[in-house]
Structures are given as structure tokens and as C-alpha cells.
Amino acid sequence: MKLGQVKLDSLMLMYPEAKIPTVGNSLTDVIYELKSNKSLAQLVVASVGAINRGITYLEARGFGKVGLMVVTSKDVEPFSNGRVRLKSPIPDLLTVDGVYAIMGRERVPIYFELCPSLILEGGYERYEIRYKKSIPRVSQLTSDDKELDICDGLCGLLPYFVKSELLANEDESEARSAKEDFERGVFEYEFLLGAGEPRETVYKHF
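In short, a report on the structure.

So, how was this worked out
Residues numbered from 1 in each chain as written. Predicted model: local features only at pLDDT ≥ 70, side-chain atom pairs only at ≥ 80, totals over all residues. Heavy atoms only, no water. Pairing = 2+ DSSP bridges. Helix = DSSP H or I, 4+ residues; strand = E, 2+ residues; numbered from the N terminus. Axes fitted to C-alpha atoms, helices over the stretch in contact; angles between N-to-C directions. Core = buried A, V, L, I, M, F, W, Y, C linked by side-chain atoms within 4.5 Å. Buried < 20%, exposed > 50% of the residue type's maximum accessible area, 1.4 Å probe, protein only. Contact = heavy atoms within 4.5 Å. Parallel < 35°, antiparallel > 145°, perpendicular 65-115°, else oblique. Left-handed = near helix turned anticlockwise from the far one by under 90°. Nonpolar A, V, L, I, M, F, W, Y, C, P; charged D, E, K, R; others polar.

Once that is clear, we can look at the sheet that holds strand S2 (residues 76-78). The antiparallel open sheet is built from four strands, whose spatial order is S2-S3-S7-S6. Sheet topology places S2 and strand S6 (112-114) at the edges, where each strand pairs with a single neighbour. Across this sheet, the average inter-strand angle for adjacent strands is 30°, counted without regard to direction. The sheet contact formed by strand S3 (residues 83-86) and strand S7 (residues 118-121) spans three bridges and is antiparallel. Each residue of the ladder has a partner; that of arginine 83, found in S7, is glutamate 121.

Structure representation (C-alpha cells):
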């Protein structure tokens, strides 16, 4: 789902009676028009921070992709006490699930630390790093046509989180109800799909 669609759905959820020019306009044009509307412009701007907080919530609940990175001894440098560390950080790293030494057809789990560089046991030619990827955030400069790196089902729940945040001071009851709807939907996804079993992607570095 595109960022602009999440913004639009959030506003329509908060103010279903609002006149939003959706027919015949591109998503970018619609968001531009909303930013020109004095009564809605601040909400459009504030929705970005709320969306990011919603993404953080989903990330903390375990929704995110699993990365698989294979590195060689050329990608590490000496650290101390026979240990080595990665020369370059993993750009989308959230948490490390495990590190394995690859020896022929065998994969042997080995000791690692993350503080903040990834530190590994030395003496191996190849390593396999399994990690949870962080979910990219958005900013005020992010294109409204950008696809969020979250499945559409979860993106469809984000407007409830945005509503709960943006209406917190205006209508506490509505905000609380929206937050409950969001959390209920997230729970259902955890139950049906299993947040701990995301799709695996492969990132090889040689």
C-alpha cells in the first residue's frame, strides 16, 4: 500500500463526512489538495509521525522481514581475543537472530555480540548472519506514491493507529476505540500468520 493511501484512509476514518476530492485525481494530487485545505493540512503533516510510530509498534511486535547475509573473511577485521567484527554495518539491521560458521555443507552456530558492531568468533572463511530487518520509516519528503515495506493487510490497519494518535486530544473515546481496533487487527494477524515467521530474503556480500 502506498504512503499517500494510508494518509488518505486515516483522514477518511477520522472525518468520513469530509469532502475529499478522490474521484478522477491521482493519489499525489489528492494529498496535495488536502495539504492546501486549512482544516486538514495539519492532520496530513501530523500523520507522518503517527505512521512512523505505528510502524515502530508493528516492528516491536515482530512484523518484519528476515534477512540472510553471507559474508567471507574478507568482510571482517580483527577485533580482540581472536574475535573479528564486520567492516561495514548491516544497513537494515534490527536484531540478530543467529550467526553460523559455514564449513562445507555444515552450518555451526557461533558466539556473537552486537555492541554496536557485530562481533564474531574468528577463524572461519564464511559466515551466515540471520537477522530481523528494520522497517523503513517515512518523512515529510517521502513521495506519497512510495509503497510501504509492510504487507497491505497491516498497512490497512495503520489508519486506525493514526486516528488514535491524532484524535487523542480531541476525542479520547474515539481515539481509544481506534487504538483497540488497531491492536485487535494486529493480534489477528499474529494469530493467523505468525509474526515470528516472516518471509526470508537473501542478501549476499562477497
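Following the structure, the description resumes.
Within the largest apolar cluster, 37 residues are counted, with the highest numbers of intra-cluster contacts made by Leu34, Ile51, Leu58, Ile150, Leu158 and Phe182. Of all the secondary-structure elements, those providing two or more residues to this core are helix H1 (3-14), helix H2 (27-35), helix H3 (41-60), helix H4 (152-155), helix H5 (158-166) and helix H6 (172-193). For this core, the leading source of residues is H3, giving eight residues. Ignoring sequence-local partners within four residues, the contact set of isoleucine 51 consists of Leu3, Val6, Lys7, Val138, Leu158 and Val162. Val71, Val99, Ile129 and Tyr131 belong to the second largest nonpolar core, which has 15 residues in total.

Before going further, it helps to examine the environment of lysine 146. In this fold, lysine 146 is placed in the loop between strand S8 (126-133) and H4. Along the primary structure lysine 146 and glutamine 5 are separated by 141 residues, whereas in three dimensions their C-alpha atoms are 9.7 Å apart. Discounting chain neighbours no more than four positions away, the residues touching lysine 146 are Met1, Lys2 and Leu3.

Okay, the packing of H3 against H5 next. Where H3 meets H5, the closest approach of the two axes is 8 Å, and the angle between their N-to-C directions is 120°. Taken together, the axes of H3 and H5 lie oblique to each other. For H3 against H5, the interelement crossing comes out right-handed. Across the interface between the two elements, Leu43, Ala46, Ser47, Ala50, Ile51, Arg53, Gly54, Ile55, Tyr57 and Leu58 from H3 touch Leu158, Phe161, Val162, Glu165 and Leu166 from H5. Here the contact of H3 with H5 is built from residues that sort into 11 nonpolar, two polar and two charged.

A few words now on unusual backbone geometry. The amide bond that connects cysteine 115 to the next residue, proline 116, takes the cis arrangement and shows omega of -15°. Structurally, proline 116 can be placed in the loop between S6 and S7. Located in the positive-phi region is asparagine 81, a residue other than glycine, with phi close to 50°. Here asparagine 81 lies in the loop between S2 and S3.

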